[in-house]
Amino acid sequence: MTSSLPHWFLLGAGNMGTLAAWYLTRAGHGVTVVRSGASSDLKKQLHRAGNPELALQLPTLAPEAITGPVRHLLVAVKTPYTRSSLSPLLPWINEETQVLRLQNGLGALDELLPSGQVVEAVSTSAVKGQHPDHEIIAENTTWMGGNGPQPDWFASLTPHWPDLQWCDDIREPQWKKLVANAVINPLTALHDVPNGHIVSDPALRDAATRLCQEADRVLQALNPDWPGHSLDNVLAVAQATAGNTSSMRADRQRGAPTEIEAINGWLVTQANRLGIAVPAHLAIIASLTRGQ
Ligand code: KPL
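Since we're looking at a predicted model, the values are computed, not measured. (Residues numbered from 1 in each chain as written. Predicted model: local features only at pLDDT ≥ 70, side-chain atom pairs only at ≥ 80, totals over all residues. Heavy atoms only, no water.)

**Student:** Would you mind going over the pairing of strand β3 (residues 42–48) with me for this structure?
**Tutor:** For a regular strand, the rule is simple: side chains alternate between the two faces of the sheet. Judged from the 5 bridges that link them, β3 and strand β4 (residues 54–58) form a sheet pairing that is antiparallel. Bridge assignment links Gln45 to a residue of β4, and that residue is Ala55. Pairing between β3 and strand β10 (residues 135–138): 2 bridges, direction parallel. Across the sheet, the residue bridging to Arg48 is Ile137, located in β10. (Pairing = 2+ DSSP bridges. Helix = DSSP H or I, 4+ residues; strand = E, 2+ residues; numbered from the N terminus.)

Here it is, written out as structure tokens:
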């Protein structure tokens, strides 16, 4: 019944946040965008590869205008802005709040929230290409899973959210995506090249091999069942997205902060805790953060 479906507050109405909001509204959920200085509705258009363009209009609310508990929160903000966008909402977030996190990397919400249910969404949808005035989004599988049972609202989404799957151990798709992001994103950002260069440029392929080996060592120490061989998946993703500009390259081209802390930084934090050396990740973080 529509009336029992959640109403989400959305932090981060970029491409992925808007796409998620669109799926949610199609499923009958409510969505309000939380953004500073908000007054009028947010109007967004998204261009989807192989699908009609979608136009979405969402109500907005300034964080100061929230005056009651937030029951459902969708966090889709770029990771460097997580703390600043979440802070004004903290008085209204409690252990009853269900958080759906749709961000790259890991750990961006750690120590920011009271213990409650966090559902992690791992999306393989991505910006596929650039037109002069808009980006084209390729829609792909999304996995959801987290620290609790499948929430009752999940089933209402599957008819409306393309290839949405519940995953009892979200770590597997999450770590796979993390390694792809930890290799393709910083290398393409640093060298200012499209993703396919990871496959075709021998120097970048060597660098990718080292980054994958280090990541596999860390992930295997965290979970002995981690299959390793991440390079195979990374090369497959780079090949499948050969013409794409990675999100980190795009951030760097715009002079915006990158998500390297939540991606390679998370791996380095784990490595330090476990006493594993990760010189290639440390070096690429240093190269990308130099001069920021
Ligand atoms: O997810 C991506 C990103 O750019 O953040 C990849 C997989 C690298 C595709 O471009």
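Next comes the rest of the write-up.
**Student:** How should I be thinking about the environment of Ile66 in this particular structure?
**Tutor:** Structurally, the position occupied by Ile66 is in the loop between β5 (60–61) and β6 (72–75). Those residues in contact with Ile66, other than ones at most four positions away along the chain, are Phe9, Val34, Leu61, Leu89 and Trp92. (Contact = heavy atoms within 4.5 Å.)

**Student:** Got a minute to help me understand the side chain of Thr18 in this structure?
**Tutor:** Its location among the elements puts Thr18 in helix α1 (residues 15–26). Classification of Thr18 by relative accessible area gives buried; the value is 1%. From its side chain, Thr18 meets the backbone oxygen of Gly14 in a polar contact 2.6 Å long. Beyond its immediate chain neighbours, meaning those up to four positions away, Thr18 contacts Ala13, Lys44, Leu46 and Leu56. (Buried < 20%, exposed > 50% of the residue type's maximum accessible area, 1.4 Å probe, protein only. Polar contact = N/O pair within 3.5 Å; in protein donor to acceptor, adjacent residues only side chain to side chain.)

**Student:** Is there a simple way to think about the pattern of salt bridges in this case?
**Tutor:** Pairs can form between side chains of opposite charge once their charged atoms are near each other. On inspection of all chains with the given rule, the structure shows 6 salt bridges. A salt bridge links Glu120 to Arg101; the nearest nitrogen and oxygen atoms lie 2.8 Å apart. In this pair, Glu120 is assigned in strand β8 (residues 117–123) and Arg101 in strand β7 (residues 98–101), connecting sequence segments 19 residues apart. Residue Arg254 pairs with Asp251 through a salt bridge whose shortest N-O separation is 2.6 Å. Of the two residues, Arg254 and Asp251 are both situated in helix α8 (residues 247–254); the distance of 3 residues between them amounts to about one turn of the helix. When salt bridges that share partners are traced, they join Lys78, Asp251 and Arg254 into one network. (Salt bridge = Lys/Arg side-chain N within 4 Å of Asp/Glu carboxyl O.)

**Student:** Explain the nonpolar core to me, please; I cannot follow it from the model alone.
**Tutor:** Generally speaking, nonpolar side chains in soluble globular proteins are found buried as a group. Ranked by size, the top nonpolar core spans 38 residues in total, and within it Val179, Val183, Leu187, Ile198, Leu219, Trp266 and Leu267 carry the most contacts. Sorting the residues of this core by element identifies α4 (171–191), α5 (197–200), α6 (202–222), α7 (230–240), α9 (260–274) and α10 (279–289) as the ones contributing at least two each. Broken down by element, the residue count for this core peaks at 9 residues, all from α4. Those residues in contact with Leu267 that lie beyond four places of it in its chain are Leu178, Ala182, Ala215, Val218, Leu219 and His281. The next biggest cluster of nonpolar side chains, apart from the first, holds 29 residues, and it includes Ala27, Leu100, Ala121 and Leu164. (Core = buried A, V, L, I, M, F, W, Y, C linked by side-chain atoms within 4.5 Å.)

**Student:** Explain the UniProt feature "domain: Ketopantoate reductase C-terminal" (unreviewed entry) in the protein to me, please; I cannot follow it from the model alone.
**Tutor:** UniProt records the feature "domain: Ketopantoate reductase C-terminal" (unreviewed entry) at residues 169–288, using the numbering of this structure. Taken end to end, residues 169–288 has its terminal C-alpha atoms 32 Å apart, with 75% of it in helix and 0% in strand. (UniProt positions renumbered as here; feature names shortened; annotations may be inferred.)

**Student:** Looking at this structure, how should I read the domain arrangement of the protein?
**Tutor:** How big an interface is tends to be expressed through the accessible area that disappears when the partners come together. In terms of domain boundaries, the protein breaks down into domain 1 (7–168) and domain 2 (172–289). Put simply, the middle of domain 1 and the middle of domain 2, counted by C-alpha atoms, are 24 Å apart. Listed per partner, the contact involves 17 residues of domain 1 and 16 residues of domain 2. When residues of domain 1 are sorted by the area they lose upon contact with domain 2, Lys78, Asn104 and Leu106 head the list and together hold 41% of the total. (Domains from an automatic or database assignment. Buried area = accessible area lost by both parts, 1.4 Å probe.)

**Student:** Is there a simple way to think about α6 in this case?
**Tutor:** Since the α-helix packs 3.6 residues into each turn, any two residues three or four apart lie on the same face. The terminal C-alpha atoms of α6, which comprises 21 residues, lie 30 Å apart, in line with the 30 Å expected from a rise of 1.5 Å per residue. If you check which residues of α6 are buried, you get Leu204, Ala207, Ala208, Leu211, Cys212, Glu214, Ala215, Asp216, Val218 and Leu219. Looking at the buried side of α6, the elements it contacts are α4, α5, α7, α9 and α10. You can read the cap of α6 off the contacts: a side-chain oxygen lies 2.9 Å from the backbone nitrogen of Ala203, and it is on Asp201. (Expected span 1.5 Å × (residues − 1).)

**Student:** Got a minute to help me understand the site of the ligand in this structure?
**Tutor:** Every residue lining the ligand is accounted for by Asn104, Asn181, Ile184, Asn185, Asn195, Val237, Ser246 and Ser247. In the environment of the ligand, an oxygen atom lies 2.9 Å from a nitrogen or oxygen atom belonging to the side chain of Asn195. When isolated, the ligand has an accessible area of 280 Å², and the protein chains bury 88% of it. A total of 3 residues in the shell around the ligand trace back to one element, the largest contributor, which is α4. A per-class count over the shell around the ligand returns 2 nonpolar, 6 polar and no charged. (Near = heavy atom within 4 Å. Areas by Shrake-Rupley, 256 points an atom, 1.4 Å probe, with all protein chains shown as cover. Nonpolar A, V, L, I, M, F, W, Y, C, P; charged D, E, K, R; others polar.)

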